[in-house]
Amino acid sequence: MGVVARQEKIDITDASVTAEVSIGKDPADGGFGLAVVMRAEFPEHLQGEAGLALLKKTHAFCPYSKATRGNIEVELVVE
């Protein structure tokens, strides 16, 4: 997120991101699958759409997200 924020000239001081990973049944084949909720806590100036836009850009840029894209369910949440 730091790289994306610098490119966009956005101050992310006091921002934090956590990932909650869960394992559950995959209805497609009866096996198991992973799901992630990526939760960002932003200061007031990044609440709402501004924060969500930054989180989406970060998710698109992240090498881990690129490697798992289409393989696991990801929910992006701004708090």
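**Points about the packing of aromatic side chains**
In the structure shown here, the tally under the stated rule is 0 aromatic pairs. Just above the ring of Phe32 sits the side chain of Lys25; from NZ or CZ to the centre is 5.0 Å. A cation over an aromatic ring shows up here: Lys66 above the ring of Phe61, its NZ or CZ 5.8 Å from the ring centre.

**Section: the pattern of salt bridges**
With the rule as written, the count across this model stands at 3 salt bridges. Where Lys57 meets Glu8, a salt bridge forms, and the shortest distance between an N and an O atom there is 3.1 Å. One end of the pair, Lys57, is in helix H2 (residues 49–61); the other, Glu8, is in helix H1 (residues 2–8), with 49 residues separating them in the sequence. With relative accessibility at 39%, the residue Lys57 sits in the partly exposed group. Here Glu20 makes a salt bridge to Arg39, at a shortest N to O gap of 2.8 Å. Of this pair, Glu20 sits in strand S1 (residues 16–25) while Arg39 is found in strand S2 (residues 32–41), placing the two residues 19 residues apart along the sequence.

**A few points about unusual backbone geometry**
Trans is the common state for peptide bonds, and a negative phi is the common state for residues other than glycine. Backbone geometry places Lys9, a non-glycine residue, at a positive phi of 55°. In this structure, Asp14 takes a positive phi of about 70° despite not being glycine. Counting through the fold element by element, Asp14 comes out in the loop between H1 and S1. Taking relative accessible area as the criterion, Asp14 reaches 69% and is therefore assigned exposed.

**Overview of a nonpolar patch on the surface**
Together, Val21, Ile23, Phe32 and Leu34 give the surface a local cluster of nonpolar side chains, amounting to about 460 Å² of exposed area. Going through the elements one at a time, S1 and S2 are the ones with two or more residues in the nonpolar patch. In this fold, Phe32 is placed in strand S2.

**Observations regarding the nonpolar core**
Counting 7 residues, the largest nonpolar core consists of Val4, Met38, Ala40, Phe42, Leu46, Leu54 and Leu55. Breaking this core down by element, the ones donating at least two residues are S2 and H2. Setting aside residues no more than four positions away along its own chain, Val4 makes contact with Leu54, Lys57, Thr58 and Phe61.

**So, the environment of Lys57**
Residues Lys57 and Ala19, 38 residues apart in the sequence, show an inter-C-alpha distance of 16 Å. Those residues within four positions of Lys57 in sequence are excluded, and the remaining contacts are Val4 and Glu8. Of note is the side chain of Lys57, whose polar atom sits 3.1 Å from the side chain of Glu8.

Rules of the game
- The residue numbers shown here count from 1 along each chain, following its written sequence.
- For a predicted model such as this one, the threshold for reporting local features is a pLDDT of at least 70, and the threshold for listing and counting side-chain atom pairs is 80 or more; totals across whole chains, interfaces and linings nevertheless cover every residue.
- Processing note: side-chain calculations cover all non-hydrogen atoms of the structure and skip hydrogens and water entirely.
- Classification of ring pairs uses Phe, Tyr and Trp, with its six-membered ring standing for Trp, and accepts pairs whose centres are within 6.5 Å; under 30 degrees between planes counts as stacked, over 60 as edge-to-face, and the remaining range as tilted.
- To sit over a ring, a charge needs its Lys NZ or Arg CZ within 6 Å of the ring centre and within 35 degrees of the ring normal.
- By definition, a salt bridge exists where a carboxyl oxygen of Asp or Glu is found within 4 Å of a side-chain nitrogen of Lys or Arg.
- Numbering of helices and strands runs from the N terminus; a helix is a DSSP stretch of H or I covering at least four residues, while a strand is a stretch of E covering at least two.
- To sort residues, take the accessible area from a 1.4 Å probe on protein chains only and compare it with the maximum for the residue type: under 20% means buried, over 50% means exposed, and anything in between is partly exposed.
- The residues that make up patches have over 30% relative accessible area and no salt bridge, and they are joined within 9 Å when like-charged or within 5 Å when they are Val, Leu, Ile, Met, Phe, Trp or Tyr.
- The Shrake-Rupley method, run with a 1.4 Å probe sphere, supplies the accessible areas, and residue values consider only the shown protein chains as cover.
- Within this scheme, the nonpolar core is defined by two criteria: the residues are buried Ala, Val, Leu, Ile, Met, Phe, Trp, Tyr or Cys, and they are joined through side-chain atoms within 4.5 Å.
- Note on contacts: a residue pair is in contact if any heavy atoms of the two residues lie within 4.5 Å.
- Think of a polar contact as two N or O atoms within 3.5 Å of one another; within protein, one of them needs to be a possible hydrogen donor and the other a possible acceptor, and neighboring residues in sequence only count if both atoms come from side chains.

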